[in-house]
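Residues per chain are reported as follows:
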Amino acid sequence: MSLKVLILGINGFIGSSLLEHCLEKTDWQLIGLDLSENKISEFIKHPRLTFKKGDLNHEIVWIEQQIQHCDVVIPLVAIATPASYVKNPLGIFELDFEANLKIIRLCVKHQKRIVFPSTSEVYGMCTDEAFDEETSNFVLGPINKPRWIYSCSKQLLDRVIHAYGLANELRYTLFRPFNWLGPKLDDPHNPKPGSSRVVSQFIGNILRGEAIQLVNGGQQRRSFIDIDDGIGCLLKIIANKNGCAEQAIFNIGNPANDVSIRELAELLLELIKTYAYYANYATQVELQTINSDNYYGKGYQDVERRMPSIKRAQQQLDWQPRIDIKTSLKKILDFYLLN
Ligand code: UGA
């Protein structure tokens, strides 16, 4: 029998890509909820998709009915941009924590397996060479740095899910995306500073002829992973062949794509020069250093180095990320510059 998968937030960056891959590579039935449908419009009439337009907070009756009739629940609704953690910490708590806790409890009530998005942010300023799901410590700043409310909200949900698991009340898998990249991440044409994650922000800066702002000089590092590699791992988690993902936590990232933010900006400028119509834009762009207090406000603190250990996903799920960062950035640029 084909799996019935409920995806809350199906029009988001991960949700929309997950839907596309599920329709292409599996025979699963998908049920999705979201406020809008712009990223999934081409699939909206697909016979294996049931889509409901609506707000997680207002559709709890419908959601409970769907949970009763599905096999796996994937709650992807959350705000995940660092500028919002600083500007609207209560909004993060209410949506990312409170609203999702209700969904977790419904999974417990109806004994449904949950595949829940944790985050690389839970490790905070951990100084380990590579962050490990079972041994790394979580290192967060003080309360007057609300940047950590997202990390902390997600961490507590991870702990609640784990505790339900220990009590034999919930079947779960937690996955931790590490800087996933893809065309539908954020809209680079949205000019609000800090409203996008770094790659979309830099592409937007270049296309608007603005300077690229390197927060505190851009020496901080991230390991970026192409969304197609990330979704490949997520599909294995959902399929859960022979229970390989049962009661486990997996980092999903690509340590081979570890670059500094300055190197990322330089790479993007180099790549954009290969698009004839836009080459000019890139030659005019300056790299400027900006203090993080001025860019995000005083409630911000950065993660200097963030690299996942992926040995658990490699060994338990037989998964390997394959797409290098240049190829991944080129896919995003093709999407915005050639369409
Ligand atoms: C992100 C977000 O918190 C989440 O989307 C997610 O959970 C997580 O990381 C992840 O995807 O793993 P972060 O990597 O700090 O956090 O987010 P970005 O906004 O993409 O920033 C990356 C780095 O670029 C930061 O050091 C930031 O200060 C820097 N940056 C950003 C700039 O130097 N200039 C900019 O204009 C924007």
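Structure report, in brief. What you see as residue numbers is a count from 1 along each chain, following the sequence as written. Given that this is a predicted model, residues contribute local features only at a pLDDT of at least 70 and side-chain atom pairs are listed and counted only at 80 or more, while totals for whole chains, interfaces and linings are drawn from all residues. Side-chain measures were taken over the full set of non-hydrogen atoms in the model, leaving aside hydrogen atoms and water.

1. A short note on the packing of helix α4 (residues 89-109) against helix α5 (residues 148-166)
Angles here are taken between N-to-C directions and fall from 0 to 180 degrees, while the axes themselves are lines fitted to C-alpha atoms, restricted in helices to the stretch in contact. Segments assigned H or I by DSSP are reported as helices when at least four residues long, segments assigned E as strands when at least two residues long, and all are numbered from the N terminus. The geometry of α4 relative to α5 is characterised by a closest axis approach of 9 Å and an angle of 10 degrees between their N-to-C directions. Our classification of the angle between α4 and α5 gives roughly parallel. Every pair of crossing elements has a handedness; the one defined by α4 and α5 is right-handed. Taken together, the residues of α5 that come into contact with α4 (itself represented by Pro89, Ile92, Phe93, Asp96, Phe97, Asn100, Leu101, Ile104, Arg105 and Val108) are Ile149, Tyr150, Ser153, Leu156, Leu157, Val160, Ile161 and Tyr164. Here the term charged refers only to Asp, Glu, Lys and Arg, the term nonpolar to Ala, Val, Leu, Ile, Met, Phe, Trp, Tyr, Cys and Pro, and the term polar to all other amino acids, Gly among them. Residues of the contact of α4 with α5, tallied by class, amount to 14 nonpolar, two polar and two charged. In this scheme, roughly parallel covers angles under 35 degrees and roughly antiparallel covers those over 145, while 65 to 115 is roughly perpendicular and the rest are oblique. When the near helix sits turned anticlockwise from the far one by under a right angle, the crossing is termed left-handed; a clockwise turn instead gives a right-handed crossing. Note on definitions: a residue-residue contact is assigned when non-hydrogen atoms from the two residues lie within 4.5 Å.

2. A few points about the site of the ligand
Near residues are defined by distance, with any heavy atom within 4 Å of the molecule or strand qualifying the residue. Taken together, 26 residues lie around the ligand, and Ser120, Glu121, Asn179, Gln213 and Tyr295 are the ones closest in. Definition of a polar contact: a pair of N or O atoms within 3.5 Å, with one able to donate and the other able to accept a hydrogen when the atoms are protein atoms, and with sequence-neighbouring residues admitted only if both atoms are side-chain atoms. One of the side-chain N or O atoms of Thr119 is found 2.8 Å from an oxygen atom in the ligand. Interatomic distance of 3.2 Å between a side-chain N/O atom of Arg197 and an oxygen atom of the ligand. Put simply, the parts of the chain that give the shell around the ligand at least two residues each are α3 (82-87), α6 (198-207), β8 (212-215) and α10 (292-296). Its residues assigned to classes, the shell around the ligand comprises 14 nonpolar, six polar and six charged.

3. Remarks on the environment of Ile272
Within the fold, Ile272 resides in helix α8 (residues 261-272). Since its relative accessible area comes to 0%, Ile272 is described here as buried. As for Ile272 and Val122, which are separated by 150 residues in sequence, their C-alpha atoms are 33 Å apart. Setting aside residues up to four positions removed in sequence, Ile272 forms contacts with Ile206, Tyr278, Ala279, Ala282 and Leu333. Buried residues are those whose accessible area, probed at 1.4 Å on protein chains only, stays under 20% of the maximum for their type, while exposed residues exceed 50% and partly exposed ones sit between those limits.

4. Considerations on the pattern of salt bridges
When the charged atoms of two side chains lie near each other, side chains of opposite charge can form a pair. Any carboxyl oxygen of Asp or Glu within 4 Å of a side-chain nitrogen of Lys or Arg constitutes a salt bridge here. Per the stated rule, a full pass over the model turns up 20 salt bridges. When the shortest N-O distance is used, the salt bridge between Glu133 and Arg312 registers 3.2 Å. Taken together, the residues span a long stretch of sequence, with Glu133 in the loop between β5 (113-117) and α5 and Arg312 in helix α11 (residues 311-317) at a distance of 179 residues. Accessibility assignment for this pair places Glu133 and Arg312 in one class, buried. The residue Asp186 makes a salt bridge to Arg197 at a minimum N-O spacing of 2.7 Å.

5. Some words on the sheet that holds strand β14 (residues 305-306)
DSSP calls a pair of strands paired once it identifies at least 2 bridges connecting them. If you walk across this open sheet you meet the three strands as β12-β9-β14, and the pairing is mixed. Of all strands in the sheet, those bounded by a partner on one side alone are β12 (258-260) and β14. In terms of strand pairing, strand β9 (residues 221-223) meets β14 through two bridges, oriented parallel. The partner of Arg222 across the bridge, within β14, is Arg306. Taken strand by strand, α8 contacts β9 and β12, and its axis lies near 90 degrees from that of β12.

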